[in-house]
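# Observations on chain architecture
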There are 2 protein chains.
Amino acid sequence: MLSKNTVKFIKTLHQKKYRSEHKKFFVEGEKSVLELLSSDFNTEILLATDTFLDKNYSLIEKKNFEVIPVTQKQLESIGQYRSNDAALAVVEMKPNSWFEPTDHELVIALDDVRDPGNLGTIIRIADWYGIDKLLLSKQTADFYNPKVIQSSMGSFTRVHFYYADLGDTLAKWGRPVYGAFLDGENIHEMKQIESGVILMGNESNGISENLEKAISQKVTIPSFGHAESLNVAIATAVLCDNFKRLLPAS
Amino acid sequence: MLSKNTVKFIKTLHQKKYRSEHKKFFVEGEKSVLELLSSDFNTEILLATDTFLDKNYSLIEKKNFEVIPVTQKQLESIGQYRSNDAALAVVEMKPNSWFEPTDHELVIALDDVRDPGNLGTIIRIADWYGIDKLLLSKQTADFYNPKVIQSSMGSFTRVHFYYADLGDTLAKWGRPVYGAFLDGENIHEMKQIESGVILMGNESNGISENLEKAISQKVTIPSFGHAESLNVAIATAVLCDNFKRLLPAS
């Protein structure tokens, strides 16, 4: 049965402060919870409707977590979804962990992308393009924010992240860094590359000035009209699509 | 002075029913209102803070509309923006009007794209890529929805739209129609095209079955990872970027 304490506990996880303190976050909605249960994340509690439990019995019976049957109304009062007739899971965070790009690999770095919807959408885009590493500045939105998880549409289970000082990390890696600017080289005209980091800037201010020295090349999506800019997630997708053409086939 | 009736009237414009009845909509926020005032839209009332009025005096003095000085608090209680220290304008709608694509021109057609944020973002993308005509199915979000206007970031002033039955209109035009599917031709491998319509489907269900016969070619953005799909606005941007490469330079 769903206890008041469990409800209270999950509600604290809406806030970053408590997520960090407990090292836990939550995932809601049918698609995301199903992707979660098939991933290497450690689920601790699953709240689910009878329908969800019946439908996914085989996926749940083998697992070692607490299952609490709830109503749709309870799910909606605990989580952030307006409509959720399936499930909500409490999950253990993975630690912030160092990685390094390999040869022929693209990595996305985000310099203070603050909107959780943008970060979640970028995680989904990365997953589409087979990019499984994100380097995130410390002011970038929290990977475990419920809106990030929601807009990643399950892709958060497949993309690794590392929060760090971007300047230091890019210098340590020593890989080419392609920074997205409005006055860089036309990405349609670039030649083949070997590997690299696609660096995207903040929604309002773009890439910080102090990162300019870390950038090997400024790149630009050609404009044919009058809009002043593109949303950062949109620009990330277009750049990933272009860079995938520029890498040698693996 | 701001009257109670004006407040009441603008508040009705949050709803499609009243926008259609009065043939008016509203635009809010500094950037969007400035783009509006430089466009061929007919502004009827401008609510603005003293700061905005002082800063943009030259743009406003020549115009023939009612100007009502208001506070930031008033703007925020009338509009949809959480924070608006600039302006909100009541504007005359343009009629739904027929257009036809010319040679070497790309048009975007949307089949029941229902999320206003997606439509607004697609308007901004169209404007970036110099595409100024959108064909919209009748179930697509309302072009004058405040969220569409907001997420178009001023690009709504430069993009024309026509709400119509897509099947009939595409047949009348007789142009090649490139439909976005998950099982079409890899867009990275397509050869040069002359002109055409990029057709995008509904967020959940994709392109309606009854439009299949209107489609000349199914196209797909190649996937390199595991995400099942891309958001419709993201996919529109990537396809526009690819089609711009495929058109002869104009």
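Residues numbered from 1 in each chain as written. Chains lettered and ligands numbered in written order. Predicted model: local features only at pLDDT ≥ 70, side-chain atom pairs only at ≥ 80, totals over all residues. Heavy atoms only, no water.

The name given to chain A in an unreviewed UniProt entry is RNA methyltransferase, and the organism recorded there is Algoriphagus sediminis. According to its UniProt record, chain A has this under Sequence similarities (unreviewed entry): "Belongs to the class IV-like SAM-binding methyltransferase superfamily. RNA methyltransferase TrmH family." (UniProt positions renumbered as here; feature names shortened; annotations may be inferred.)

## What to know about the overall build of chain A
Along chain A, the regular secondary structure elements total ten helices and ten strands. Over its C-alpha atoms chain A spans a radius of gyration of 20 Å, differing by no more than 12% from the 18 Å that the globule rule assigns to 250 residues. Here the C-alpha coordinates of chain A stretch approximately 60 × 40 × 35 Å along the principal axes. Across the 250 residues that make up chain A, the buried fraction comes to 55%. In chain A, of all internal contacts separated by at least 6 residues, the share reaching a separation of at least 24 is 74%. Measuring between centres, the 28 positive side-chain charges of chain A sit 5 Å from its 33 negative side-chain charges. (Helix = DSSP H or I, 4+ residues; strand = E, 2+ residues; numbered from the N terminus. Rg over C-alpha atoms; globule rule 2.2 N^0.38 Å. Buried < 20%, exposed > 50% of the residue type's maximum accessible area, 1.4 Å probe, protein only. Contact = heavy atoms within 4.5 Å. Lys, Arg positive; Asp, Glu negative; His and termini not counted. Charge placed at Lys NZ, Arg CZ, Asp CG, Glu CD.)

## What to know about the interface of chain B and chain A
At the interface, 33 residues of chain B touch 33 residues of chain A. Where chain B abuts chain A, roughly 2,900 Å² becomes buried across the two surfaces, and 61% of that area is made up of carbon and sulfur atoms. Contact with chain A buries surface across chain B, with Arg124, Trp128 and Arg245 of chain B losing the most and accounting together for 27% of the total. Linking chain B to chain A there are two salt bridges. Glu228 of chain B serves as the salt-bridge partner of Lys31 of chain A, at 3.2 Å between the closest nitrogen and oxygen. Where chain B packs against chain A, one counts 22 residue pairs in polar contact (both at pLDDT 80 or more). Mapped by element, the contributors of at least two residues to the side of chain B that touches chain A are α3 (30-37), α7 (116-128) and α10 (232-246) of chain B. With eight residues, α10 of chain B is the single largest residue contributor to the side of chain B that touches chain A. (Buried area = accessible area lost by both parts, 1.4 Å probe. Salt bridge = Lys/Arg side-chain N within 4 Å of Asp/Glu carboxyl O. Polar contact = N/O pair within 3.5 Å; in protein donor to acceptor, adjacent residues only side chain to side chain.)

## Remarks on the relation of the copies chain B and chain A
Both copies of the chain are placed relative to one another by a rotation about an axis and a shift along it. Overlaying chain B with chain A gives an RMSD of 0.0 Å, the required rotation being 180 degrees about an axis along which the chain moves by 0.0 Å. In the structure described here, the two chain copies are related by an operation that fits a two-fold rotation axis. Take the interface residues of chain B: 100% of them recur as interface residues in chain A, which is what a same-surface contact looks like. (Least-squares fit on C-alpha atoms with pLDDT ≥ 70 in both.)

## Some details on the packing of aromatic side chains
In the structure shown here, the tally under the stated rule is 28 aromatic pairs over all chains. Look at Phe99 of chain A and Trp173 of chain A: their rings are 5.6 Å apart centre to centre, the planes differ by 35 degrees, and that puts the pair in the tilted class. Of this pair, Phe99 of chain A sits in the loop between β4 (87-92) and β5 (106-110) while Trp173 of chain A sits in helix α9 (residues 166-173), placing them 74 residues apart in sequence. Neither Phe99 of chain A nor Trp173 of chain A differs from the other in exposure class; each is buried. Ring centres of Trp98 of chain B and Tyr162 of chain B lie 5.6 Å apart, and the angle between their planes is 85 degrees; on these two criteria the pair is classed as edge-to-face. Placement of Trp98 of chain B in the loop between β4 (87-92) and β5 (106-110) and of Tyr162 of chain B in strand β7 (residues 160-163) is noted, with a sequence separation of 64 residues between them. A residue is classified by how much of its surface remains accessible, and Trp98 of chain B, at 39% relative accessible area, is partly exposed. Counting every residue linked through ring pairs, the aromatic cluster contains Phe25, Phe41, Phe143, Tyr144, Phe156, Phe161 and Tyr163 of chain A. In this structure, Lys218 of chain B is placed above the aromatic ring of Phe181 of chain B, and the distance from its NZ or CZ to the ring centre is 4.5 Å. (Phe/Tyr/Trp six-rings, centres within 6.5 Å; stacked < 30°, edge-to-face > 60°. Lys NZ or Arg CZ within 6 Å of the ring centre and 35° of its normal.)

## Considering the pattern of salt bridges
Under the counting rule described, the total for this entry stands at 24 salt bridges over all chains. In this structure, the salt-bridge partner of Asp112 of chain A is Arg114 of chain A, at a minimum N-O distance of 3.8 Å. In this structure Arg114 of chain A comes out as partly exposed when scored by relative accessible area, which is 46%. In this structure, the salt-bridge partner of Arg175 of chain B is Asp103 of chain B, at a minimum N-O distance of 2.9 Å. Of this pair, Arg175 of chain B sits in the loop between α9 (166-173) and β8 (177-186) while Asp103 of chain B sits in the loop between β4 and β5, and the two are 72 residues apart along the sequence. For Asp103 of chain B, a relative accessible area of 54% translates into the label exposed. Salt bridges sharing partners connect three or more residues here, namely Lys31, Glu35, Asp127 and Arg158 of chain A together with Glu228 of chain B.

## Describing the packing of helix α10 (residues 232-246) of chain A against α10 of chain B
Helix-helix packing: each pair is described by the crossing angle between the helix axes and the interaxial distance. At a closest axis distance of 9 Å, the pairing of α10 of chain A and α10 of chain B adopts a crossing angle of 45 degrees. With respect to their mutual orientation, α10 of chain A and α10 of chain B come out oblique. The handedness of the crossing between α10 of chain A and α10 of chain B comes out as right-handed. Along its contact with α10 of chain A, which presents Ala233, Ile234, Ala237, Val238, Asp241, Asn242 and Arg245 of chain A, the element α10 of chain B presents Ala233, Ile234, Ala237, Val238, Asp241, Asn242 and Arg245 of chain B. Within the contact of α10 of chain A with α10 of chain B, the residues separate by chemical class into eight nonpolar, two polar and four charged. (Axes fitted to C-alpha atoms, helices over the stretch in contact; angles between N-to-C directions. Parallel < 35°, antiparallel > 145°, perpendicular 65-115°, else oblique. Left-handed = near helix turned anticlockwise from the far one by under 90°. Nonpolar A, V, L, I, M, F, W, Y, C, P; charged D, E, K, R; others polar.)

## Some details on the UniProt feature "domain: MRM3-like substrate binding" (unreviewed entry) in chain A
When the UniProt feature table is mapped onto this chain, "domain: MRM3-like substrate binding" (unreviewed entry) is found at residues 5-85 of chain A. Annotation note: span residues 5-85 of chain A, helix share 51%, strand share 19%, distance between end C-alpha atoms 22 Å.

## Observations concerning the side chain of Glu28 of chain B
Residue and element names in this part refer to chain B. Topologically, Glu28 is positioned in strand β1 (residues 24-28). Summary of buried charges: Glu28 has no salt-bridge partner, and the nearest side chain of opposite charge, Lys147, is 9.6 Å away. In this structure the side chain of Glu28 is engaged in a polar contact, spanning 2.8 Å, whose partner is the backbone nitrogen of Gln80. Beyond its immediate chain neighbours, meaning those up to four positions away, Glu28 contacts Val33, Gly79, Gln80, Tyr81, Asn84, Ala87 and Leu88.

## With respect to the sheet that holds strand β9 (residues 196-200) of chain A
Residues and elements named next belong to chain A. With parallel pairing, six strands are arranged side by side in an open sheet as β7-β6-β5-β9-β8-β10. The sheet terminates laterally at β7 (160-163) and β10 (217-220), the two strands that pair on one side only. Strand-to-strand, the axes of this sheet are offset by a mean angle of 35 degrees, without reference to chain direction. In terms of strand pairing, strand β8 (residues 177-186) meets β9 through three bridges, oriented parallel. Bridge pairing links Gly179 to Leu199 in β9. (Pairing = 2+ DSSP bridges.)

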